[in-house]
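Chain residues, written in single-letter form:
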Amino acid sequence: MKRAVIGILAHVDAGKTTLAEAMLYRAGQLRQLGRVDHGDTAMDTHQLERERGITIFASQAGFTVGELSVTLLDTPGHVDFSAETERTLRVLDYAVLVISGTEGVQAHTVTLWRLLQEYQVPTFVFVTKMDFARHSREELMAELRRELGDGCMDFSPGTEEDRMELLAMCREDLLETYLETGMVADGDVADLIAARQVFPCYFGSGLKLEGVDEFLQELERWSRANRYPEEFGARVFKISHDGQGNRLTHLKVTGGKLRVRDSVKTGEREEKVSQLRLYSGAKFSAAEEVVAGQVCAVLGLNDTHGGQGLGWESAAGEPLLEPVMNYRILLPEGCDARTMLPKLRLLEEEDPQLHISWKESLQEIHVSLMGQVQIEILRSLVSQRFGVEVEIDSGRVLYKETITDVVEGVGHYEPLRHYAEVHLLLEPLPLGSGLEFVSRCSEDLLDRNWQRLILTHLMEKPHLGVLTGSPATDLRITLAAGRAHLKHTEGGDFRQATYRAVRQGLMQAESVLLEPYYSFRLEIPVEQLGRAINDLRARHGTFDAPESMGTMSHLRGRAPVTALNGYAAELAAYTGGRGRLFCEVTGYDLCHNPEEVIAEIGYEAERDMENTPDSVFCAHGAGFTVKWDKVPEYMHLGSCLKREEPVYAPKVIHRNLHLDEKELEAIMEREFGPISRPQYSKPTTYTAASQPIAAPRKRYVLVDGYNVIFAWPELKELAQVDLDAARERLIHVLGNWAAFTHNETVLVFDGYKVTGGLGEKYESRGIRVVFTKEKETADMYMERLVTEIGKNDQVRVVSSDSLIQLSVLRSGLLRVSAREFEEEVMSAHEEIRQMLSANYQVGSAKLQQK
């Protein structure tokens, strides 16, 4: 008999649990069909799930259809519990993605599809609620192919001939067979599904049991039997506790067998299995043995965690989805935080993404959460399990930090009768890379066991940045050198030296602040598209050209999480409920307002004694502290940066790295045409002794026009009344500033909304003004020009747009935020005013003398 672990996934309220109930009922596993609104479904077993009518915890049930034995894993549909869903994906053979026939592909559907693709899970699609669907099957299939890919094919009964040619087109050998026989064999179709080249789509209603029997038969027909090795292996995907407080390790056996009383190596020790449970909803049956392909809950294993590999299985990688908000847990009066912390750690075992942390300096417990619903569930869980009524504050965004240059961090720890010195190279990685730890240290310099210990210490804790105390990321930390003492070095010495080396390196580096970004899809009536575009720009969003869908327009893009918070309600208000905003977190990028965030948090790196960058040296029989910036003067080993090349250099554009003034002017003239006044006519300046001196070097400033308008309060207020007037005001201000400071200024405005616009370039008040062509944003134009110029300290780019700043950073040009530029311009205008005032006073005095 074939075995398959099948997960069922959906956007919240799409009808997933109802379909799962229908599948169990029609397979003969249930005597009575439960309903979500009645609170009696077999899969939603927790009290909170039945009260709220949503799935919160992944649950398991089994059934048999024909020659297929299925373990069905029901996953949460709400976005706040996506981490629970992601952990389950690691053990699936197949997935059923449920889509509401009334809503179609929704925001979280796309997120789930991306996760299924990342974990390479073969997927069946079931469109339910067809009894209430507002669109035809053909329209829904068109949407599935548009949003999820061309691999989606209608496998409904009666469509065999229509899909045969599409199946044959998937592989060349199948096409040859199809041309000869007119058929594609079932085995070949099953292979295409397993390889994620084809995604069978079905239609029906879970509530009315329509299409459910046919769907079960299709699951049996198209699923393949997996082959597992004889050697024992297992993948842990969940930790839970039963009603008696027993710790349960939920895992899938991926090789060999697991028996009661077997010893299993978990981490550094071996533990013995005391019981094996096969769950079906809230009920379970005890088993003496579980074979490969089965899912079970194990008692007796206390050193396990989600994602862990047992036996031949390796550990899983970092999850793709992570919380972006951090909250403070407020305990009731009389409740001791240190007593409560171990209890909360139990919840963290079940959901590692909670990241329960104790802030010693604040004497507070902090937790990371996905959203408001998870906040409410956490409060209820703490109340039910521990009898404590906690409150949770409004929270703040979880920022991260990275660096932009290569530095060497040195940590030395040498109080009396202790010794360790560590040299680390800290190098930036592309955004989204996370942390990497490697060793390039010779074993002649430091024994392998010490090197392993240092790498363990690097991985055992989050390393905090120096701007806001947020976790550091996107770094490669390389062990370059180290020294131990034959007599005095202990394991804890290298822990201290390693932590101090990381911190000392971060103190030297140029750090940048990162914030989480949403990938959004905005649906809005065509007549209100202009306001939406202005709103998104004001919120530092970037987006592609709008797509027209009848009376609605669709915008897809990215924006900071903090900037879009609350915008969905505002959108619904000004569109009368017609506009919809769908968001998903897509990682971290440069923070759009780092100065404000850093000032608000008020973190002082040198006062953080838990993460000190200073080192401890020894002299005259006693240890003494050396400040981080003086450590190179005392360190015992030489600098590693002097004797070896960096392992990784930040990605930069290797073009035009040494442009002289004529080459730079040539680029500007090619881009904007010849200018009306000479730039390099070699003007001669004479000193009092009539000796010529060289003319000053020309400096160029590229300005993102709309970004500046919406960043300067005066212009922003004017733009809300008359955008044209705001543009003219900016041109006037920059014209005066450019003339006074001798900066060649290029002011760029978006013209992508101008239908048929070919773009425009002209001079006004001594500066170059550019309007981009239709469907070309200022971001795209400036990024292209920045890339062409390459590294040059004569060119500055003015923008607070994070994507432009990142391009500028990687190209090696100078960057200035819109607000910093405002201060610079205003300062110049004040000098002009003072100069005119002084000249006026001198002139008045001369007239009075006459």
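The structure reproduced in this document is the subject of the present report. (Residues numbered from 1 in each chain as written. Predicted model: local features only at pLDDT ≥ 70, side-chain atom pairs only at ≥ 80, totals over all residues. Heavy atoms only, no water.)

**Observations concerning the packing of aromatic side chains**
Then step 1. As enumerated under the stated definition, the model contains 15 aromatic pairs in all.
Then step 2. Here Tyr-94 and Phe-124 contribute two aromatic rings whose centre-to-centre distance is 5.8 Å and whose plane-to-plane angle is 45°, an arrangement assigned as tilted. Residue Tyr-94 is located in strand β4 (residues 94-100), and its partner Phe-124 is located in strand β5 (residues 123-128); the two are separated by 30 residues in the primary sequence. Neither residue differs from the other here; Tyr-94 and Phe-124 are each classed as buried.
Then step 3. Each ring, one from Trp-450 and one from Phe-494, has its centre 5.1 Å from the other, and the planes form 35°; the classification is tilted. Placement of Trp-450 in helix α12 (residues 448-459) and of Phe-494 in helix α13 (residues 491-508) is noted, with a sequence separation of 44 residues between them. Each member of the pair Trp-450 and Phe-494 is classed as buried.
Then step 4. Taking the ring centre of Phe-132 as reference, the NZ or CZ of Lys-208 above it sits at 5.9 Å.
Then step 5. Sitting over the ring of Tyr-574, Arg-531 keeps its end group 3.9 Å from the ring centre. (Phe/Tyr/Trp six-rings, centres within 6.5 Å; stacked < 30°, edge-to-face > 60°. Helix = DSSP H or I, 4+ residues; strand = E, 2+ residues; numbered from the N terminus. Buried < 20%, exposed > 50% of the residue type's maximum accessible area, 1.4 Å probe, protein only. Lys NZ or Arg CZ within 6 Å of the ring centre and 35° of its normal.)

**Here's the deal with the sheet that holds strand β14 (residues 283-287)**
Then step 1. Reading across the sheet, the 6 strands line up as β14-β13-β16-β9-β8-β17 and stay open at both edges, with antiparallel pairing between neighbours. Every other strand in the sheet has two partners, leaving β14 and β17 (309-311) as the edge strands with one partner each. Strand-to-strand, the axes of this sheet are offset by a mean angle of 40°, without reference to chain direction.
Then step 2. Taken strand by strand, helix α10 (residues 337-350) contacts β8 (233-241) and β9 (247-255), and its axis lies near 140° from that of β8. (Pairing = 2+ DSSP bridges. Axes fitted to C-alpha atoms, helices over the stretch in contact; angles between N-to-C directions. Contact = heavy atoms within 4.5 Å.)

**So, the environment of Gly-243**
Then step 1. Tracing the chain through its elements places Gly-243 in the loop between β8 and β9.
Then step 2. For Gly-243, a relative accessible area of 79% gives the class exposed.
Then step 3. Spatially, the C-alpha atom of Gly-243 lies 9.6 Å from that of Arg-385, the residues being 142 residues apart in sequence.

Honestly, that's just the spatial picture; any functional story needs more than this.
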